[in-house]
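Okay, here's what each chain looks like letter by letter:
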Amino acid sequence: QVQLVESGGGLVQAGGSLRLSCAASGRILRMYAMGWFRQAPGKEREFVAVIDRSGTDYADSVKGRFTISRDDYGNTIFLQMNSLKLEDTAVYYCATHRSGGYFREGSYDYWGQGTQVTVSS
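Keep in mind that this is a model prediction, so the values were computed, not measured. (Residues numbered from 1 in each chain as written. Predicted model: local features only at pLDDT ≥ 70, side-chain atom pairs only at ≥ 80, totals over all residues. Heavy atoms only, no water.)

### Looking at the overall build of the protein
Argument step 1. Scanning the protein for helices and strands turns up zero helices and 11 strands.
Argument step 2. Starting at the N terminus and ending at the C terminus, the protein contains elements arranged as β-β-β-β-β-β-β-β-β-β-β.
Argument step 3. Over its C-alpha atoms the protein spans a radius of gyration of 13 Å, differing by no more than 12% from the 14 Å that the globule rule assigns to 121 residues.
Argument step 4. Expressed along its principal axes, the backbone C-alpha trace of the protein runs to roughly 40 × 25 × 25 Å. (Helix = DSSP H or I, 4+ residues; strand = E, 2+ residues; numbered from the N terminus. Rg over C-alpha atoms; globule rule 2.2 N^0.38 Å.)

### Describing the nonpolar core
Argument step 1. With 34 residues, the main nonpolar core has Trp36, Val48, Phe66, Leu79, Met81 and Tyr92 as its most contacted residues.
Argument step 2. Among the elements of the structure, strand E1 (2-7), strand E3 (18-26), strand E4 (34-39), strand E5 (46-51), strand E7 (66-70), strand E8 (76-81), strand E9 (90-97) and strand E11 (115-120) are those that each provide at least two residues to this core.
Argument step 3. It is E5 that provides the largest number of residues to this core, a total of five residues.
Argument step 4. When residues no more than four places from it in sequence are discounted, the contact partners of Phe66 are Arg38, Val48, Tyr58, Leu79, Gln80, Met81, Asn82, Leu84, Asp88 and Tyr92. (Core = buried A, V, L, I, M, F, W, Y, C linked by side-chain atoms within 4.5 Å. Buried < 20%, exposed > 50% of the residue type's maximum accessible area, 1.4 Å probe, protein only. Contact = heavy atoms within 4.5 Å.)

### Points about the pairing of E8
Argument step 1. Of all six residues making up E8, five are buried, and the element is well covered by its neighbours.
Argument step 2. The pairing of E3 with E8 spans six bridges and is classified as antiparallel. By the bridge assignment, Ala23 is partnered in E8 with Thr76.
Argument step 3. Pairing geometry for E7 and E8, over five bridges, is antiparallel. Bridge assignment links Ile68 to a residue of E8, and that residue is Leu79. (Pairing = 2+ DSSP bridges.)

Purely geometric stuff here, so don't read any function into it on its own.
Right, dumping it as structure tokens:
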């Protein structure tokens, strides 16, 4: 069993930065590929970024602005978000990958409860 807790969300002006964290209890995260997803009001949850043993990958909408990383112990992953835009406003979730394509929500099993990111003009 894995428990995930996101933190670091908040209100930020467009162009600003935030750093999200996802702390895990239970099995060590470095055994898993880990992803960040987000869900904006009235929209479906969408893929943002993933990190595995080989490297990282990002949604086109955040590429060059967001960076996913993990700490040396593998118990925490991060999402550094720079040059934030209004359209980045959403609840952000971290999740552990089970099987299947990284971009698919159904490929992940354990999820945190999310942290709200609001970007204002």
